[in-house]
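# Results of the structural survey
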Amino acid sequence: MSKISVYIIAYNEAEKVSATIESVPWADEIILVDSWSTDGTPEIAAKLGARVVQVDFKGFGDLRNQAIAACSHEWIFSLDADERCTPEVENEIRAITQDPAAVDAYWVPRRNFFMGRWIKHSGWYPNYRQPQLFRKGRMQYDLKPVHEGYVLDSTHPIGHLKNAIWQFPFKNMSEVMHKANRYSSLGAEKIVHKKISMGSALAHGLWSFVKHYVFKLGFLDGWAGFVIALGNFEGTFYRYVKALEMQKGQTWQVPKTLKVPR
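Presented here is a report on the structure given in the accompanying data block.

### Observations regarding the sheet that holds strand β7 (residues 110-114)
Strand order in the open sheet formed by four strands is β5-β13-β7-β8, with mixed pairing between adjacent strands. The open sheet has two edge strands with one neighbour each: β5 (83-84) and β8 (117-118). Across three bridges, β7 lies against strand β13 (residues 165-167) in parallel orientation. The partner of R111 across the bridge, within β13, is W166.

In structure tokens form, the structure reads like this:
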């Protein structure tokens, strides 16, 4: 019988991590990969039977690779602290991991709940990230600090689960703004080598809004769809502005003299 490791990455997720762990009681091991949370997250996880591994944060790609290394079993199922496994997904995973014909990695659809409603459009469904179910040794992550990619070592195509896990990405607007700020800072490091201007920052931000609100049918998700598109505008715009700030360096710093130029 193939055994399954579940890893959960978290940082200060005390309000969410219990429900995440409790959604996978069937796993042969649960590993919480924490980056020195200060709100009691690792203590909560340990009480629920998870093995806690502390990893210094050097970007999400490195964090996920450290999580894979900590897993003991043949199959790995990746969950984030804002995700929940459903009974339907559990049954599907059990069937896959016991099937001799199973491929090496699987996409897992995610169904998002935001602003009191299940989001059906806006690029948020089926909202795949990286393959979340895979055999150990068959997948690693690249070392991008955010929106990390994956490297698959397999001759088989990636499979798809039919059922979706649930994701609760934001508790309130403060979390939306906090994540946009954090991810735009991490994302700026990926594009700092590009030619950037305030005009291109605005253009990229506007395109991100239009893409999610119009082309990905965010307008069908009501005000939630508008907020998602606006959040993508802000995150994209500030990512480029922060990269421009890095490029400008000292020229954007406070002047050494307090003389106002005429």
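### Some remarks on unusual backbone geometry
Cis peptide bonds are those with omega within 30 degrees of zero, and the linkage from Y125 to P126 qualifies with 5°. In this fold, P126 is placed in the loop between β8 and β9 (133-135). Not every positive phi belongs to a glycine, and M115 is a case in point at roughly 55°. Note on placement: M115 falls in the loop between β7 and β8.

### Focus: the sheet that holds strand β3 (residues 51-54)
With mixed pairing, the seven strands of this open sheet are ordered in space as β3-β2-β1-β4-β9-β6-β12. The open sheet has two edge strands, β3 and β12 (159-160), and neither has a second partner. Examined bridge by bridge, strand β6 (residues 105-107) and β9 share two bridges and lie antiparallel to one another. Paired with A105 across the bridge in β9 is F134. Across the sheet, helix α3 (residues 60-70) is in contact with β1 (4-10), β2 (29-34), β3, β4 (75-80) and β9; its angle to β1 comes to roughly 150°. Lying over the sheet, helix α4 (residues 87-97) contacts β1, β4, β6, β9 and β12, oriented at roughly 155° with respect to β4.

How each quantity is defined
- Residues numbered from 1 in each chain as written.
- Predicted model: local features only at pLDDT ≥ 70, side-chain atom pairs only at ≥ 80, totals over all residues.
- Heavy atoms only, no water.
- Pairing = 2+ DSSP bridges.
- Helix = DSSP H or I, 4+ residues; strand = E, 2+ residues; numbered from the N terminus.
- Contact = heavy atoms within 4.5 Å.
- Axes fitted to C-alpha atoms, helices over the stretch in contact; angles between N-to-C directions.

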